[in-house]
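Remarks on the overall topology
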Amino acid sequence: MKPLFALGLIAFSANMWVNAATACSPPPGNIAEYYARAERAYFEDVTSVYRGVLANVVGKQDDPIVRFSVLRTDDLWGAPSPARLDLKFELGHCSNYLIFTTEYPEGEGIADGLAVRIFVTPASRINPELLYIVPEGPLADDMMSRWRAVRSQPCETLE
């Protein structure tokens, strides 16, 4: 019975590792189209957009876990946002914290005072890992333009 138990344990462990490794992977097919659809669906659900700054950052961009707060500085659109969010980024977890996938000039980046723009949906109010947190600048402006374009078009319906 012990060899069968060991085999079951190995299979379970392998399955857990594969699920964790592929959790953020897109399905096979056109990846650009997949991400465009996912972004559009997110933008259709946005209930507020606001600006903030990072505070209380513990860790560096490439650390396995980075804890930080976002302090709201300005509501741009929609429902009022919380004055402060306490968050953490775990390497390998699926999140929309684009501040961790952005390349910064030497000496800049994930640190107290980094200005960010936050896009909020009802789901991201429940699970903050779903928040789109983007560094202020061209990327945030580009996302804002795409969000406005989605808002100005009628929602797509599934057939």
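Within the structure shown, the criterion is met by nine aromatic pairs. Here the aromatic rings of Tyr34 and Tyr35 are separated by 5.2 Å at their centres, their planes lie at 70°, and the arrangement is edge-to-face. According to the relative accessible area criterion, Tyr35 is partly exposed, its value standing at 42%. Aromatic side chains Phe43 and Tyr132 sit 6.2 Å apart centroid to centroid with 45° between the ring planes, which places their arrangement in the tilted category. Residue Phe43 is found in helix H2 (residues 31–45), and its partner Tyr132 is found in strand S5 (residues 132–135); the two are separated by 89 residues along the sequence. Residue classification places Tyr132 among the buried positions, given a relative accessible area of 11%. The structure contains a cluster of three or more aromatic residues connected by ring pairs, namely Tyr42, Phe43, Trp77, Phe119, Tyr132 and Trp147.

This brings us to the side chain of Thr121. If you trace the backbone, Thr121 turns up in the loop between strand S4 (115–120) and helix H3 (122–126). In contact with Thr121, other than residues within four places in its own chain, are Tyr42, Asp45, Val46 and Thr47.

Among the six residues in S4, five count as buried, and that is most of the element. The pairing of strand S1 (residues 48–58) with S4 spans six bridges and is antiparallel. Of the residues in S4, the one forming a bridge with Val49 is Phe119. In this sheet, S5 lies alongside S4 in antiparallel orientation, the contact comprising four bridges. By the bridge assignment, Arg117 is partnered in S5 with Val134.

Further remarks concern the pattern of salt bridges. Enumeration over the complete set of coordinates arrives at 11 salt bridges. Between Arg37 and Glu33 there is a salt bridge, with the nearest N and O atoms lying 2.8 Å from each other. One end of the pair is Arg37 and the other is Glu33, both in helix H2 and four residues apart, which spans about a single turn. Measuring nitrogen to oxygen at the nearest pair gives 3.8 Å for the salt bridge that ties Arg72 to Asp75. On the basis of relative accessibility, which here comes to 32%, the residue Arg72 falls in the partly exposed class. Judged by relative accessible area, which is 33%, Asp75 ranks as partly exposed. Each of Arg51, Asp74, Arg117, Glu136 and Asp141 takes part in a single network of salt bridges with overlapping partners.

Rules of the game
- Residues numbered from 1 in each chain as written.
- Predicted model: local features only at pLDDT ≥ 70, side-chain atom pairs only at ≥ 80, totals over all residues.
- Heavy atoms only, no water.
- Phe/Tyr/Trp six-rings, centres within 6.5 Å; stacked < 30°, edge-to-face > 60°.
- Buried < 20%, exposed > 50% of the residue type's maximum accessible area, 1.4 Å probe, protein only.
- Helix = DSSP H or I, 4+ residues; strand = E, 2+ residues; numbered from the N terminus.
- Contact = heavy atoms within 4.5 Å.
- Pairing = 2+ DSSP bridges.
- Salt bridge = Lys/Arg side-chain N within 4 Å of Asp/Glu carboxyl O.

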